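# Observations on chain architecture
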Amino acid sequence: MKSVLLTGGNGFIGTRFNEAHKHNFDILSLGSGELNILDRKKIKETFKIFKPDYVIHAAAIALTDFCNDNPDKCYEINVTGAVNIAEACKNTGSKMIFLSTEQVFNGNPEPGPYKEEQIPVPDTMYGKNKLEAEGLIKNILDDYLILRFTWMFGVPERNRPVVANIFWSTIEAILKGEQIKVPVNEFRGLTYVNELMDQFDKIMDLPTGTYHVGSNNEKNRYDIVCHILSEMGLKHRVNELIIKDKEKYRDHPRDARLDTSLIQSKGIFFSDTTEAVSKCIREYHLKIR
Ligand SMILES: NC(=O)c1ccc[n+]([C@@H]2O[C@H](COP(=O)([O-])OP(=O)(O)OC[C@H]3O[C@@H](n4cnc5c(N)ncnc54)[C@H](OP(=O)(O)O)[C@@H]3O)[C@@H](O)[C@H]2O)c1
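The rules behind these values
Residues numbered from 1 in each chain as written. Predicted model: local features only at pLDDT ≥ 70, side-chain atom pairs only at ≥ 80, totals over all residues. Heavy atoms only, no water. Buried < 20%, exposed > 50% of the residue type's maximum accessible area, 1.4 Å probe, protein only. Helix = DSSP H or I, 4+ residues; strand = E, 2+ residues; numbered from the N terminus. Pairing = 2+ DSSP bridges. Domains from an automatic or database assignment. Contact = heavy atoms within 4.5 Å. Salt bridge = Lys/Arg side-chain N within 4 Å of Asp/Glu carboxyl O. Polar contact = N/O pair within 3.5 Å; in protein donor to acceptor, adjacent residues only side chain to side chain. Nonpolar A, V, L, I, M, F, W, Y, C, P; charged D, E, K, R; others polar. Phe/Tyr/Trp six-rings, centres within 6.5 Å; stacked < 30°, edge-to-face > 60°.

With that out of the way, let us pick up the pairing of strand β4 (residues 95-101). Along any regular strand, the residues point their side chains to alternate faces of the sheet. Across the 7 residues that make up β4, a large majority, 7, are buried. With 4 bridges joining them, strand β3 (residues 54-57) and β4 adopt parallel strand pairing. Its bridge partner being in β4, isoleucine 56 is matched across the sheet by isoleucine 97. In this sheet, strand β5 (residues 144-149) lies alongside β4 in parallel orientation, the contact comprising 6 bridges. The residue of β5 that forms the bridge with serine 100 is arginine 148.

Laid out in structure tokens, this is it:
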């Protein structure tokens, strides 16, 4: 059985990888308490003992506003931490799987969907950190995958947290009976995290390179939220719960969609965003009767 060292093992993606693939790989899943990615000595020791075939580097600070407000701290974790892990992979000959983001493109003047070869123009510290880490990893390693994810969504599960995502935020709004303001000028692919997990082992064996990973999307964020409510049987509550925000991003629509034709050409497919939302609602029986 092949071995996987997983950083960020307590996070949204990490906990789900662990659950989905615990019988397929020998997984060493590490949270920040077990392995701080800034502690080079500990990293070296851990890699020397475990000698992983694959390293999934999911540890990061992925909070856009927090990164803008705390650029030094986030640089250390998102860039220096990633380099530390890449150097350790070089020493053990492990394949590094680096989780990057659509947000490398959110300052691009031209609209998406973006292809892998397009030059990203990130306009947040988080996006800049990820892009810089991508470049440094490519310089250090020959055997790597850079996976640029769209925005993942899912629901909280036993001992498995969620990070902020439109799907869960909509359910929270329903539970609280609170209105949420949702922009019409924002376009992002939303990927059902379980669809990612179902194919992650296949993705891990892709040839070295950068890949755009996740769902396509033709709809704006407001229409997606309406779709969530409608699929949950709550179409009649759209006007009560959702305020259409026409001002945000009016002058420059936010478009961070990824062109996923490269990964599709390798046989890896995702539902488009509306179908992914419907699938999640079906699988978790979230339709309210
Ligand atoms: N979720 C998405 O939609 C999405 C989209 C694109 C890309 N990504 C990328 O996918 C990866 C995983 O994201 P996620 O959603 O699972 O985020 P998450 O839930 O916030 O998980 C990130 C994990 O990083 C760990 N971490 C932070 N600082 C650390 C340090 N100094 N040493 C070791 N671990 C540290 C934390 O560990 P502890 O909890 O143990 O402190 C945390 O659980 C990230 O790289 C993110 O940029 C996610």
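Residue proline 113 is reached from glycine 112 by a cis peptide bond, and omega for that bond is 0°. Relative to the helices and strands, proline 113 is located in the loop between β4 and α5 (125-140). At asparagine 159, a residue that is not glycine, the phi angle is positive and equals roughly 60°. Relative to the assigned elements, asparagine 159 resides in the loop between β6 (151-153) and α6 (166-176). Even without being a glycine, tyrosine 249 presents a positive backbone phi close to 60°. Among the structural elements, tyrosine 249 can be located in the loop between β11 (242-245) and β12 (254-255). Overall, the relative accessible area of 26% leaves tyrosine 249 in the partly exposed class.

For the protein, the assigned domains are domain 1 (3-152 + 194-213) and domain 2 (154-188 + 217-254 + 272-283). Taking only C-alpha atoms into account, the centre of domain 1 sits 26 Å from that of domain 2. Counting residues at the interface gives 14 residues for domain 1, matched by 17 residues for domain 2. Summed over the shared surface of domain 1 and domain 2, the result is 3 salt bridges. Across the pair arginine 188 and glutamate 102 runs a salt bridge whose closest N-O atoms are separated by 2.3 Å. Our count for the domain 1 to domain 2 interface comes out at 6 residue pairs in polar contact (both at pLDDT 80 or more). In terms of residue class, the side of domain 1 that touches domain 2 is built from 4 nonpolar, 6 polar and 4 charged.

Evaluation of the coordinates by the stated rule reveals 16 salt bridges. Between lysine 22 and glutamate 19 there is a salt bridge, with the nearest N and O atoms lying 3.1 Å from each other. A salt bridge links glutamate 157 to arginine 160, with the shortest nitrogen-to-oxygen separation between them at 3.3 Å. Taken together, the shared-partner salt bridges connect Glu102, Glu186, Arg188, Arg221 and Arg254 into one network.

This structure, assessed with the given rule, holds 6 aromatic pairs. When the centroid spacing of 5.6 Å and the interplanar angle of 20° are considered together, the rings of phenylalanine 153 and tyrosine 192 count as stacked. Taken as a pair, phenylalanine 153 in strand β6 and tyrosine 192 in strand β9 (residues 190-192) lie far apart in primary sequence, 39 residues in all. Summarising the burial analysis for this pair, phenylalanine 153 and tyrosine 192 share the class buried. Here the aromatic residues Phe17, Phe25, Tyr54 and Phe200 are joined through ring pairs into a cluster of three or more.

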